[in-house]
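Letter by letter, the chains look like this.
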Amino acid sequence: MHSIADSVRSSLLFFMFTVIDDVKSLRAVVNPDISKIRNIGIMAHIDAGKTTTTERMLYYSGYTRALGDVDDGDTVTDFMAQERERGITIQSAAVTFDWKSHRINLIDTPGHVDFTLEVERALRVLDGAVAVFDASAGVEAQTLTVWRQAEKHHVPCVLTQHFSIESIRQKLKANPVLLQIPLGSGKNFTGVVDLLTNQKLTWQQRSMGDDGRVFESKPLDQSDDPELLQEVSEARAALIEQVADLDDEFAELLLTDFSDNFDAVPSVKLQEAVRRVTLARKGVPVLCGSSLRNKGVQPLLDAIVAYLPAPSERRWYKDDLCALAFKVLHDKQRGPLVFLRIYSGTLKPQTAVHNINRNNTERMSRLLVPFADQHVEIPSMTAGNIALTVGLKQTVTGDTIVSSKASAAAAARRAQDDSGMGKKRGEHAAVVLSGVEVPDPVFFCTIEPPTMAKQADLENALNCLQREDPSLKVRVDPDSGQTVLCGMGELHIEIIHDRIRREYGIETHLGPLQVAYRETILHEASATDTLDRTIGERRHIVTVELSVRPVDISSTTDSCKSAFTEEDGEQLSQEIKDAVENGVQSSYLQGPLLGYPLQGVSTLIQSVNTEPGTSPAMVSACVSRCMLKALRLAGGQVLEPVMSLEVTVEEEHLSSVLGDLAQRRGTVRDIQSRHDNKVLLATVPLAEMMGYSTILRTLTSGNATFSLELDTYEAMNPQDQNTLLKRMAGL
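Keep in mind that what you see is a predicted model, and the values were worked out from it rather than measured. (Residues numbered from 1 in each chain as written. Predicted model: local features only at pLDDT ≥ 70, side-chain atom pairs only at ≥ 80, totals over all residues. Heavy atoms only, no water.)

Asker: Lay out the overall build of the protein in plain terms, naming residues and giving numbers.
Answerer: Counting its regular elements, the protein contains 19 helices and 36 strands. With 731 residues in all, the protein has 54% of them scored as buried. In the protein, the proportion of contacts linking residues at least 24 apart, taken out of those at least 6 apart, comes to 74%. Carbon and sulfur atoms make up 48% of the accessible area of the protein, which totals about 31700 Å². (Helix = DSSP H or I, 4+ residues; strand = E, 2+ residues; numbered from the N terminus. Buried < 20%, exposed > 50% of the residue type's maximum accessible area, 1.4 Å probe, protein only. Contact = heavy atoms within 4.5 Å. Areas by Shrake-Rupley, 256 points an atom, 1.4 Å probe, with all protein chains shown as cover.)

Below you can see the structure in the form of structure tokens.
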């Protein structure tokens, strides 16, 4: 679902509401019917109005007493100290509330590219989404990223915006279905006309403190402005025609019962058709509003209930428990808090659950309803809901939780029967819910405690933070023994550093920020190696022959593959094949030039010969040694991450920004106009973007914004590669 941008920065957005005097108690909330549940997320570019929209939803639904404001640092969902200081969302926050007999589980997600994983894991467990757009800016860089994520997870969406319809159509390749037209624009925006019902909804702000709770709804009549009546008539006719093109059932209804006058079709039939179009992802409803000005949020809530889906999932587990862990937080008093999306069955506290991924059983002590940084204990939670659990100490993001091993085995049998696979693929793979794809880090730096006495405390803090944030990687440098932080960007690592200081009381020192390069090979090469080793009375002998060759490196994923020859693959036992694969994969982690991970390498295992009694560990060691030989023979090439850069700047500062970009090895792809500003689209190596926010602020007197997103990895030119090799060698 999409929602129009809020604030003075934009001027459109959709909302909805009923007057409630008392703040509701979450303790009074009972498990609703699954058809009445909506699991949704709010997503958009940074500063487009996601958190402001969430705050209005909570207020109008009766769960908060006052309107929170991002600039004042008093919002419900941005509860971390860093979020309130910076005015941005860093962690996705879950909020549960009711609207017109429906339960809404809402997740407010970050807009900054450094925290894309937070959006990814939220979308994995959501059924629908509201996309918020800044009406003045249209589709921005990070909007494209989160839109692609929603598409990947097949999440139906609703939009909030009007003036950027063409931008939505062109950039998102979406089919916008306009359900409202705005009354006025900018400071003169007063409300919307609902094209389904021909109702005019107006918010008359009588004072600066008007909270938008009361609005007027009345049908259009002949006393209204003739131009408005004409515009509404044309827009509604276009809506009916568009929906008929997208939904065969609605088209048949029109031709059968309303062929003389399409406009006479009942609004309820049109609404049902729009819902079918939305759920089939053939079209995207678009509404209008301004969250910051408290206008249009209540109709947005109505649209969430009307058009976004109730939870549904293939029921291999039938009525047995099946849930996915999609987020972990650490609480100083309660320990790990695990967010679960329940797909089937019922979750109860003080019960044991089985983790399929870890193959262990844990006892869940308490069950909570998540309400941003506040949690209310409840006795049970049913399918379709999002729950917060206490006591699952081993569970991490992406794990599948079931009631027991027996339940998992029964589900596996049902899944195999459905697919006709028999038992070929095994039970484990068949019943594990797909997890969350974690992007590879692009920056790294060393981190040191103030004294060695604090090393153990630092390790504990980093372990906790890694469970919370799978995009944070921590490793130990094998040469120096230093601890290395790997993250998604400068801001990401800065936030981690700050959290270690605030939450764990450790004043750490960060080394210089470095780019996470990758490596590939230049040529095809083959190698053979034999390992002959006696350990105790046991002799291990293995001979490996393999070849490596370069493949496409345009993808931002590792794209390293391995395969056996047909003859060898059939003769080897599964244990030996697993050992060979372990050896190959471990070799991909460190390239032959500088030890960066490999990308774009394909390995063919031509033969593996072992003497009886040779251990799998020795097979892996021999394969790794043989891989290193082949990779060195193939020649190495450093790959550097190249970013897509979008800068929005006033025209008077454009030349300064272009001049600076040229010095950063940047390539300009396009320069567009957006109202009074220019939008610069370019690609630039990540290594050249260190500290760019400070430089851009200086060049433009603070009147510019930018966003970065990983575009691809490209081969570094020979001169730059030689400079990097010398620097890494300490010359």
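Asker: Residues and numbers for the nonpolar core, please.
Answerer: Inside soluble globular proteins, nonpolar side chains tend to come together where they are buried. Of all hydrophobic cores here, the largest spans 84 residues; its most connected members are M57, F97, V243, F250 and I304. Formed jointly, this core draws a minimum of three residues from each of two domains, domain 1 (34-220 + 285-307) and domain 2 (322-419). Contact partners of F250, with chain neighbours within four places excluded, come to I240, V243, A244, V265, K269, L270, A273 and R276. In this structure, V484, V638, M643 and M689 belong to the second largest nonpolar core, which totals 41 residues. (Core = buried A, V, L, I, M, F, W, Y, C linked by side-chain atoms within 4.5 Å. Domains from an automatic or database assignment.)

Asker: An account of the packing of helix 1 (residues 50-60) against helix 9 (residues 297-307) is requested, with residue identities and associated values reported.
Answerer: Two elements in contact, helix 1 and helix 9, have axes whose closest approach is 10 Å; the angle formed by their N-to-C orientations is 85°. Between helix 1 and helix 9, the angle is such that the two are roughly perpendicular. Within the contact between the two elements, helix 1 uses T53, R56, M57 and Y60 and helix 9 uses V297, Q298, L300, L301 and I304. Of the residues contributing to the contact of helix 1 with helix 9, the split by class is six nonpolar, two polar and one charged. (Axes fitted to C-alpha atoms, helices over the stretch in contact; angles between N-to-C directions. Parallel < 35°, antiparallel > 145°, perpendicular 65-115°, else oblique. Nonpolar A, V, L, I, M, F, W, Y, C, P; charged D, E, K, R; others polar.)

Asker: Report on the environment of K295, specifying residues and quantitative values.
Answerer: With respect to the helices and strands, K295 occurs in the loop between strand 12 (284-287) and helix 9. On a C-alpha basis, the gap between K295 and G191 in space is 6.6 Å, while along the polypeptide they are 104 residues apart.

Asker: Would you mind going over the sheet that holds strand 30 (residues 538-550) in detail, with residue names and values included?
Answerer: The sheet built from four strands is open, its strands ordered 29-30-32-31 with mixed pairing. Each edge of the sheet is formed by a strand with only one pairing partner; in this case those strands are strand 29 (525-535) and strand 31 (561-564). Here the strands of the sheet are splayed against their neighbours by 25° on average, with no regard to which way each runs. The pairing of strand 31 with strand 32 (residues 601-610) spans four bridges and is parallel. Among the inter-strand pairings, A563 is bridged to a residue of strand 32, identified as L604. Sheet strands touched by helix 15 (residues 574-588): strand 31 and strand 32. Its angle to strand 32, the strand with the most contacts, is close to 140°. Helix 16 (residues 616-634) contacts strand 29, strand 30 and strand 32 of the sheet and is inclined by roughly 150° relative to strand 29. (Pairing = 2+ DSSP bridges.)

Asker: For the sheet that holds strand 8 (residues 180-183), give the residues involved together with the corresponding values.
Answerer: Strand order in the open sheet made by the four strands is 8-9-10-11, with antiparallel pairing throughout. The open sheet is flanked by strand 8 and strand 11 (216-219), the only strands paired with a single partner. On average, adjacent strands in this sheet sit at an angle of 20° to one another, irrespective of strand direction. Of the pairings in the sheet, the one linking strand 9 (residues 191-194) to strand 10 (residues 199-202) comprises four bridges and is antiparallel in character. Residue V193 lies in a different strand from strand 10, and its bridge partner there is K200. Across the sheet, helix 6 (residues 226-246) lies against strand 8, strand 9 and strand 10, angled at about 160° from strand 8, the strand it touches most.

Asker: Describe the pattern of salt bridges, listing the residues and the values that go with them.
Answerer: Applying the stated criterion across every chain, the model contains 23 salt bridges. A salt bridge links R358 to D399; the shortest N-O distance between them is 2.9 Å. Here R358, found in the loop between strand 16 (351-355) and strand 17 (360-364), pairs with D399, found in the loop between strand 21 (386-390) and strand 22 (400-402); they are 41 residues apart in sequence, far enough to count as distant. The buried category is assigned to D399, whose relative accessible area is 1%. A salt bridge links R501 to D498; its shortest N-O distance comes to 2.6 Å. You can see R501 and its partner D498 sitting in helix 13 (residues 490-504), three residues apart, about one turn around the helix. You can call R501 partly exposed: its relative accessible area is 36%. A cluster of three or more residues bridged by salt bridges with shared partners is formed by E640, R665, E688 and D720. (Salt bridge = Lys/Arg side-chain N within 4 Å of Asp/Glu carboxyl O.)

Asker: Give me the pairing of strand 35 (residues 677-685): which residues, what numbers.
Answerer: Most of strand 35 sits out of view: eight of its nine residues are buried. Alignment of strand 33 (residues 636-650) against strand 35, held across nine bridges, turns out to be antiparallel. The residue of strand 35 that forms the bridge with V649 is K678. Here seven bridges tie strand 34 (residues 667-674) to strand 35, and the two strands are oriented antiparallel to one another. The partner of D670 across the bridge, within strand 35, is L681. What sits between strand 34 and strand 35 in their antiparallel hairpin is a turn of two residues, with H675 showing a positive phi close to 60°.

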